[in-house]
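This is what each chain is made of:
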Amino acid sequence: LMWVVLVVFVGLTIAMVLGVPLAAYVGADGGWRMVFVAIGATAFLACMLLFSAMPHRVGLHIAPAGRLVALLGNPQLLSVYAITILSFGGSTMAFTYFPALFGDQDINSGFYMTSFGAGAVAGNLLAGRVSDRIGFASAAVIAIFGLIACLGLLPVVLTSPALLPAILFLWGIFAFSLPPILQTEAVRIARSSGLAAAASSLNTASFNVGIGGAALFASFLVQTI
């Protein structure tokens, strides 16, 4: 199960690592409208490819809304969702405003963002192996405390061209090792109820809640500083 989740998240991570600089490049030449046109066209193509490539299973049923709501009464799942929101949201908050820290500095921010992206891919790939060996809880604790340490050191190493890429690489590892670990744990907890897919989708929603909520909170925070 973990390796299936890893394949999905590695694809997502690589798409983000390559897509962000590519979108910035296209936006600089063709404007933001061209970026959204390209995203829409790519999404449509991906939907068509998924429709043709995925097996059409017969006999799938839609779970009643009441059973889906009941998932939120499971304290283990709620803990996973809370960790997802807080950990990935906090990381995204810092990542959103990270390029702005280089605004007045004569350095190549693209190189540093690439260091983060390489760490993100590595984190996806390492998550399964580490989680299988030491368990979900230990792997999640290591990733969270590693993430806290990297973000705490970030202001210290911003002016150090030698140390900054290493911290960004480690930040990417710890931040992006969490999604496959948390997603797999949510599926494992809900498997006995027959609602593993629903639990997985709720955890994906939690990632988006964390990302959106953190960005909103960060905007208010930046305005008040």
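The rules behind the values
- Residues numbered from 1 in each chain as written.
- Predicted model: local features only at pLDDT ≥ 70, side-chain atom pairs only at ≥ 80, totals over all residues.
- Heavy atoms only, no water.
- Helix = DSSP H or I, 4+ residues; strand = E, 2+ residues; numbered from the N terminus.
- Buried < 20%, exposed > 50% of the residue type's maximum accessible area, 1.4 Å probe, protein only.
- Contact = heavy atoms within 4.5 Å.
- Areas by Shrake-Rupley, 256 points an atom, 1.4 Å probe, with all protein chains shown as cover.
- Salt bridge = Lys/Arg side-chain N within 4 Å of Asp/Glu carboxyl O.
- pLDDT = per-residue confidence, 0-100.
- Expected span 1.5 Å × (residues − 1).
- Axes fitted to C-alpha atoms, helices over the stretch in contact; angles between N-to-C directions.
- Parallel < 35°, antiparallel > 145°, perpendicular 65-115°, else oblique.
- Left-handed = near helix turned anticlockwise from the far one by under 90°.
- Nonpolar A, V, L, I, M, F, W, Y, C, P; charged D, E, K, R; others polar.
- Phe/Tyr/Trp six-rings, centres within 6.5 Å; stacked < 30°, edge-to-face > 60°.
- Core = buried A, V, L, I, M, F, W, Y, C linked by side-chain atoms within 4.5 Å.
- Polar contact = N/O pair within 3.5 Å; in protein donor to acceptor, adjacent residues only side chain to side chain.
- Patch = residues over 30% accessible without salt bridge, like charges linked within 9 Å, V, L, I, M, F, W, Y side chains within 5 Å.

Trainee: Help me out: how do you make sense of the overall build of the protein in this one?
Mentor: When helices and strands are counted, the protein shows eight helices and zero strands. The secondary structure elements of the protein, listed N-terminal to C-terminal, are α-α-α-α-α-α-α-α. Burial statistics for the protein: of 225 residues in total, 33% are counted as buried. Pairs at least 24 apart in sequence give 81% of the contacts found in the protein among residues at least 6 apart. A total of about 13,300 Å² of accessible surface is found on the protein, and carbon and sulfur atoms cover 74% of it.

Trainee: Which parts of the structure should I look at to understand the pattern of salt bridges?
Mentor: Pairing is possible between side chains that carry opposite charge, provided their charged atoms lie close to one another. Within the structure shown, the criterion is met by one salt bridge. With a closest N to O distance of 2.6 Å, Glu185 and Arg188 form a salt bridge. A residue pair is termed a helical-turn pair when its members lie 3 or 4 positions apart in one helix, as Glu185 and Arg188 do in helix α7 (residues 164–190) at three residues. Classification of Glu185 by relative accessible area gives buried; the value is 10%.

Trainee: Looking at this model, I keep getting lost on the confidence of the model for the protein. Mind explaining?
Mentor: Segments scoring low in pLDDT should not have their predicted coordinates read at a detailed level. Here the protein averages 81 in pLDDT, while 85% of its residues score no lower than 70. Per-element confidence in the protein ranges from a low mean pLDDT of 69 for helix α1 (residues 2–30) to a high of 90 for helix α6 (residues 136–157).

Trainee: What is the right way to look at α7 in this model?
Mentor: In an α-helix, one turn spans 3.6 residues, which is why side chains three or four residues apart end up on the same side. Taking 1.5 Å per residue, 27 residues should reach 39 Å; α7 reaches 40 Å between its end C-alpha atoms and fits that length. The element α7 is largely enclosed, with a buried count of 22 among its 27 residues.

Trainee: Is there a simple way to explain the packing of α6 against α7 in this structure?
Mentor: A packed helix pair is summarised by two numbers, namely the angle formed by the two axes and the spacing between the axes. Axis separation between α6 and α7 bottoms out at 8 Å; the angle between their running directions is 150°. By the angle between their directions, the pair α6 and α7 is classed as roughly antiparallel. In this structure, the crossing between α6 and α7 has a hand that is left-handed. Taken together, the residues of the contact of α6 with α7 sort by class into 22 nonpolar, two polar and one charged.

Trainee: Is there a simple way to explain the packing of aromatic side chains in this structure?
Mentor: Both the distance between ring centres and the angle between the ring planes are used here to describe each pair of aromatic rings. For the structure on display, the rule yields four aromatic pairs. With 5.4 Å between their ring centres and 80° between their planes, Phe88 and Phe176 make a pair best called edge-to-face. Here Phe88, found in helix α4 (residues 75–97), pairs with Phe176, found in helix α7; they are 88 residues apart in sequence, far enough to count as distant. For Phe176, a relative accessible area of 9% corresponds to the buried category. Arranged with centres 4.9 Å apart and planes meeting at 70°, the rings of Phe116 and Trp171 form a pair that is edge-to-face. In this pair, Phe116 sits in helix α5 (residues 109–134) while Trp171 sits in helix α7, placing the two residues 55 residues apart along the sequence.

Trainee: Just to check I follow, could you spell out the nonpolar core for this structure?
Mentor: As a rule of thumb, soluble globular proteins bury nonpolar side chains together. In this structure, Leu71, Leu77, Leu154, Leu164, Leu168 and Trp171 are the most contacted members of the largest nonpolar core, which totals 30 residues. Contributions of two or more residues to this core are made by α4, α5, α6, α7 and α8 (196–224). Of the residues forming this core, the biggest block, eleven residues, is contributed by α7.

Trainee: Please explain the side chain of Gln183 as it appears in this structure.
Mentor: Looking at the secondary structure, you find Gln183 in helix α7. Judged by its relative accessible area of 6%, Gln183 falls in the buried class. Among the polar contacts made by the side chain of Gln183, one reaches the side chain of Asn203 at a distance of 2.6 Å.

Trainee: Is there a simple way to think about a nonpolar patch on the surface in this case?
Mentor: A cluster of nonpolar side chains, contributed by Leu126, Val130, Ile134 and Ile142, occupies part of the molecular surface with about 320 Å² of accessible area. At three residues, α5 tops the list of elements feeding residues into the nonpolar patch. Among the structural elements, Val130 can be located in helix α5.

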